[in-house]
Amino acid sequence: MKLSEKELEIIEVLEKDARTPIDVLAKMIDLPVEETEALVKKLEEAKVIVQYTALIDWRKADGREGVTAMIDVKVTPKRGVGFDEVAERIYRFPEVKSVYLMSGAYDLSVVIEGRSMAEIAQFVSEKLSTLDSVISTTTHFILKKYKHDGIVFDQGDQDRRIVVSP
(Lines give C-alpha, C1' and ligand atoms only; values in the text may rest on other atoms or scores of the structure.)
Protein backbone atom coordinates (compact mmCIF):
# COMPACT_ATOMS: atom_id res chain seq x y z
CA MET A 1 0.00 0.00 0.00
CA LYS A 2 1.45 3.32 -1.07
CA LEU A 3 1.06 5.84 1.75
CA SER A 4 0.77 9.59 1.37
CA GLU A 5 3.15 11.92 3.16
CA LYS A 6 0.43 12.79 5.70
CA GLU A 7 -0.34 9.11 6.35
CA LEU A 8 3.35 8.49 7.00
CA GLU A 9 3.43 11.44 9.39
CA ILE A 10 0.41 10.04 11.24
CA ILE A 11 1.91 6.58 11.74
CA GLU A 12 5.25 8.04 12.83
CA VAL A 13 3.52 10.13 15.53
CA LEU A 14 1.26 7.28 16.68
CA GLU A 15 4.14 4.82 16.78
CA LYS A 16 5.89 7.09 19.29
CA ASP A 17 2.73 7.79 21.33
CA ALA A 18 -0.50 6.03 20.43
CA ARG A 19 -2.36 8.15 22.97
CA THR A 20 -1.78 11.39 21.07
CA PRO A 21 -5.20 13.10 21.00
CA ILE A 22 -6.66 13.46 17.51
CA ASP A 23 -6.78 17.28 17.77
CA VAL A 24 -3.07 17.40 18.72
CA LEU A 25 -2.24 14.93 15.93
CA ALA A 26 -4.16 17.08 13.43
CA LYS A 27 -2.17 20.17 14.45
CA MET A 28 1.11 18.26 14.25
CA ILE A 29 0.47 17.21 10.66
CA ASP A 30 -1.33 20.41 9.68
CA LEU A 31 -4.69 18.91 8.66
CA PRO A 32 -8.26 19.44 9.88
CA VAL A 33 -9.37 17.09 12.68
CA GLU A 34 -12.03 15.42 10.49
CA GLU A 35 -9.52 14.64 7.73
CA THR A 36 -7.00 13.34 10.27
CA GLU A 37 -9.65 11.07 11.82
CA ALA A 38 -10.55 9.73 8.38
CA LEU A 39 -6.90 8.98 7.57
CA VAL A 40 -6.38 7.19 10.92
CA LYS A 41 -9.51 5.12 10.31
CA LYS A 42 -8.30 4.25 6.80
CA LEU A 43 -4.91 3.16 8.20
CA GLU A 44 -6.62 1.01 10.84
CA GLU A 45 -8.94 -0.64 8.30
CA ALA A 46 -5.99 -1.38 5.98
CA LYS A 47 -4.15 -2.93 8.99
CA VAL A 48 -1.25 -0.49 8.58
CA ILE A 49 -2.06 0.40 12.18
CA VAL A 50 -2.42 -3.11 13.55
CA GLN A 51 -3.04 -2.43 17.23
CA TYR A 52 -2.47 0.11 19.98
CA THR A 53 -0.45 -1.16 22.95
CA ALA A 54 1.04 -0.01 26.23
CA LEU A 55 4.63 -0.61 27.32
CA ILE A 56 4.58 -1.84 30.93
CA ASP A 57 7.46 -2.01 33.41
CA TRP A 58 6.27 -5.22 35.10
CA ARG A 59 9.00 -5.04 37.76
CA LYS A 60 7.01 -2.22 39.35
CA ALA A 61 3.82 -4.30 39.61
CA ASP A 62 4.00 -6.30 42.85
CA GLY A 63 3.10 -9.95 42.50
CA ARG A 64 3.82 -10.08 38.79
CA GLU A 65 7.28 -11.57 38.49
CA GLY A 66 8.08 -13.13 35.18
CA VAL A 67 10.85 -14.19 32.85
CA THR A 68 11.40 -13.29 29.22
CA ALA A 69 13.60 -15.37 26.94
CA MET A 70 14.85 -14.99 23.41
CA ILE A 71 15.28 -18.33 21.68
CA ASP A 72 17.34 -18.83 18.55
CA VAL A 73 15.81 -21.65 16.51
CA LYS A 74 17.42 -23.52 13.63
CA VAL A 75 14.82 -25.21 11.42
CA THR A 76 14.50 -27.18 8.23
CA PRO A 77 12.26 -25.20 5.86
CA LYS A 78 9.54 -27.15 4.05
CA ARG A 79 9.30 -27.30 0.29
CA GLY A 80 6.77 -24.82 -1.07
CA VAL A 81 6.19 -22.95 2.21
CA GLY A 82 9.72 -22.21 3.38
CA PHE A 83 9.83 -21.04 6.98
CA ASP A 84 6.21 -19.81 7.10
CA GLU A 85 4.63 -23.09 8.22
CA VAL A 86 6.97 -23.72 11.15
CA ALA A 87 6.85 -20.03 12.15
CA GLU A 88 3.05 -20.24 12.28
CA ARG A 89 3.15 -23.39 14.41
CA ILE A 90 5.48 -21.59 16.83
CA TYR A 91 3.59 -18.29 17.04
CA ARG A 92 0.33 -20.10 17.86
CA PHE A 93 1.67 -21.09 21.30
CA PRO A 94 0.26 -18.63 23.87
CA GLU A 95 3.67 -18.20 25.57
CA VAL A 96 5.15 -16.83 22.34
CA LYS A 97 5.17 -13.04 22.11
CA SER A 98 7.18 -12.61 18.88
CA VAL A 99 8.66 -14.66 16.03
CA TYR A 100 11.13 -13.24 13.52
CA LEU A 101 12.81 -14.75 10.46
CA MET A 102 16.50 -13.95 10.84
CA SER A 103 19.68 -13.96 8.80
CA GLY A 104 22.78 -15.55 10.29
CA ALA A 105 23.43 -18.76 12.20
CA TYR A 106 19.80 -19.31 13.25
CA ASP A 107 16.62 -19.10 11.21
CA LEU A 108 14.01 -17.87 13.69
CA SER A 109 14.18 -15.72 16.78
CA VAL A 110 11.36 -16.45 19.24
CA VAL A 111 10.51 -14.26 22.25
CA ILE A 112 8.52 -15.94 25.01
CA GLU A 113 7.34 -15.02 28.48
CA GLY A 114 6.82 -17.32 31.43
CA ARG A 115 6.48 -17.28 35.20
CA SER A 116 9.91 -18.86 35.76
CA MET A 117 13.04 -20.12 34.01
CA ALA A 118 11.79 -23.65 34.65
CA GLU A 119 8.53 -22.87 32.83
CA ILE A 120 10.46 -21.56 29.83
CA ALA A 121 12.76 -24.60 29.89
CA GLN A 122 9.69 -26.84 29.90
CA PHE A 123 8.24 -24.95 26.91
CA VAL A 124 11.50 -25.37 24.97
CA SER A 125 11.93 -29.05 25.78
CA GLU A 126 8.30 -30.19 25.49
CA LYS A 127 6.79 -27.91 22.85
CA LEU A 128 9.38 -26.11 20.75
CA SER A 129 12.11 -28.74 20.39
CA THR A 130 9.61 -31.47 19.57
CA LEU A 131 8.35 -29.76 16.39
CA ASP A 132 9.33 -31.74 13.28
CA SER A 133 11.23 -28.95 11.55
CA VAL A 134 13.20 -27.77 14.61
CA ILE A 135 16.85 -28.83 14.45
CA SER A 136 18.24 -26.93 17.47
CA THR A 137 17.54 -24.10 19.91
CA THR A 138 19.61 -21.71 22.00
CA THR A 139 17.84 -19.94 24.86
CA HIS A 140 18.88 -16.51 26.17
CA PHE A 141 17.18 -15.20 29.32
CA ILE A 142 16.66 -11.45 29.59
CA LEU A 143 18.12 -10.40 32.92
CA LYS A 144 17.30 -6.69 32.77
CA LYS A 145 15.63 -4.34 30.30
CA TYR A 146 17.47 -1.10 29.74
CA LYS A 147 15.59 0.08 26.66
CA HIS A 148 12.60 -1.33 24.77
CA ASP A 149 10.92 0.13 21.68
CA GLY A 150 12.77 3.43 22.13
CA ILE A 151 11.84 3.78 25.80
CA VAL A 152 14.60 3.77 28.44
CA PHE A 153 13.73 2.04 31.72
CA ASP A 154 14.96 3.12 35.20
CA GLN A 155 15.53 6.82 34.66
CA GLY A 156 13.61 7.83 37.75
CA ASP A 157 11.25 10.70 37.08
CA GLN A 158 13.09 11.80 33.94
CA ASP A 159 11.32 11.58 30.61
CA ARG A 160 11.75 8.00 29.39
CA ARG A 161 11.40 8.77 25.69
CA ILE A 162 14.56 9.04 23.64
CA VAL A 163 14.29 11.92 21.23
CA VAL A 164 16.70 12.06 18.33
CA SER A 165 16.93 15.39 16.56
CA PRO A 166 16.81 15.24 12.77
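Residues numbered from 1 in each chain as written. Predicted model: local features only at pLDDT ≥ 70, side-chain atom pairs only at ≥ 80, totals over all residues. Heavy atoms only, no water.

Let's talk about the nonpolar core
- If you look at the biggest cluster of nonpolar residues, it comprises 19 residues, and the most contacted ones within it are V73, I90 and I112.
- Mapped onto this core, the elements with two or more residues apiece are β1 (67–75), α4 (84–91), β3 (108–114) and α5 (117–128).
- In terms of residue count, β1 provides more of this core than any other element does, five residues in total.
- Residues contacting I90, with those up to four places away along its chain left out, are V96, V99, L108, V110, L128 and L131.
- Core analysis: the second largest hydrophobic core is formed by 11 residues, L3, V13, L14 and I29 among them. (Core = buried A, V, L, I, M, F, W, Y, C linked by side-chain atoms within 4.5 Å. Buried < 20%, exposed > 50% of the residue type's maximum accessible area, 1.4 Å probe, protein only. Helix = DSSP H or I, 4+ residues; strand = E, 2+ residues; numbered from the N terminus. Contact = heavy atoms within 4.5 Å.)

A short note on the side chain of E7
- Within the element layout of this structure, E7 appears in helix α1 (residues 5–16).
- Given a relative accessible area of 3%, E7 falls into the buried group.
- A polar contact is formed between the side chain of E7 and the backbone nitrogen of S4, at a distance of 2.7 Å.
- Among residues more than four places away in sequence, those in contact with E7 are K2, L39, K42 and L43. (Polar contact = N/O pair within 3.5 Å; in protein donor to acceptor, adjacent residues only side chain to side chain.)

Observations concerning the environment of Y106
- Mapped onto the elements, Y106 comes out in the loop between β2 (96–101) and β3.
- By relative accessible area, Y106 is classed as partly exposed at 26%.
- It is 8.9 Å that separates the C-alpha atoms of Y106 and S136, two residues lying 30 residues apart in sequence.
- Other than its neighbours up to four places away in sequence, Y106 contacts D72, V73, K74, S136 and T138.
- One polar contact links Y106 to T138, side chain to side chain, over a distance of 2.7 Å.

Re the environment of E9
- As for its position among the elements, E9 is in helix α1.
- The residues contacting E9, other than those within four sequence positions of it, are M28 and I29.

A word on the sheet that holds β3
- Taken in spatial order, the four strands of this open sheet run β2-β3-β1-β4, and their pairing is antiparallel. The sheet is open, and its two borders are formed by β2 and β4 (134–141), each paired with just one other strand. Each strand of the sheet is rotated relative to its neighbour by a mean of 20 degrees, with strand direction disregarded.
- Direction of pairing for β1 relative to β4: antiparallel, over a ladder of seven bridges. Its bridge partner being in β4, D72 is matched across the sheet by T138.
- In the packing of α4 onto the sheet, contacts are made with β1, β2 and β3, and the angle to β2 comes to roughly 165 degrees. (Pairing = 2+ DSSP bridges. Axes fitted to C-alpha atoms, helices over the stretch in contact; angles between N-to-C directions.)

Some thoughts on the pairing of β3
- Within β3, six of the seven residues are buried, which leaves it mostly tucked inside the rest of the structure.
- Sheet analysis places β2 next to β3, joined by five bridges and oriented antiparallel. The residue bridging V99 from the neighbouring strand is V110, located in β3.
- Where β2 folds back onto β3 in an antiparallel hairpin, the turn is made up of six residues, including G104, whose phi is positive at roughly 110 degrees.

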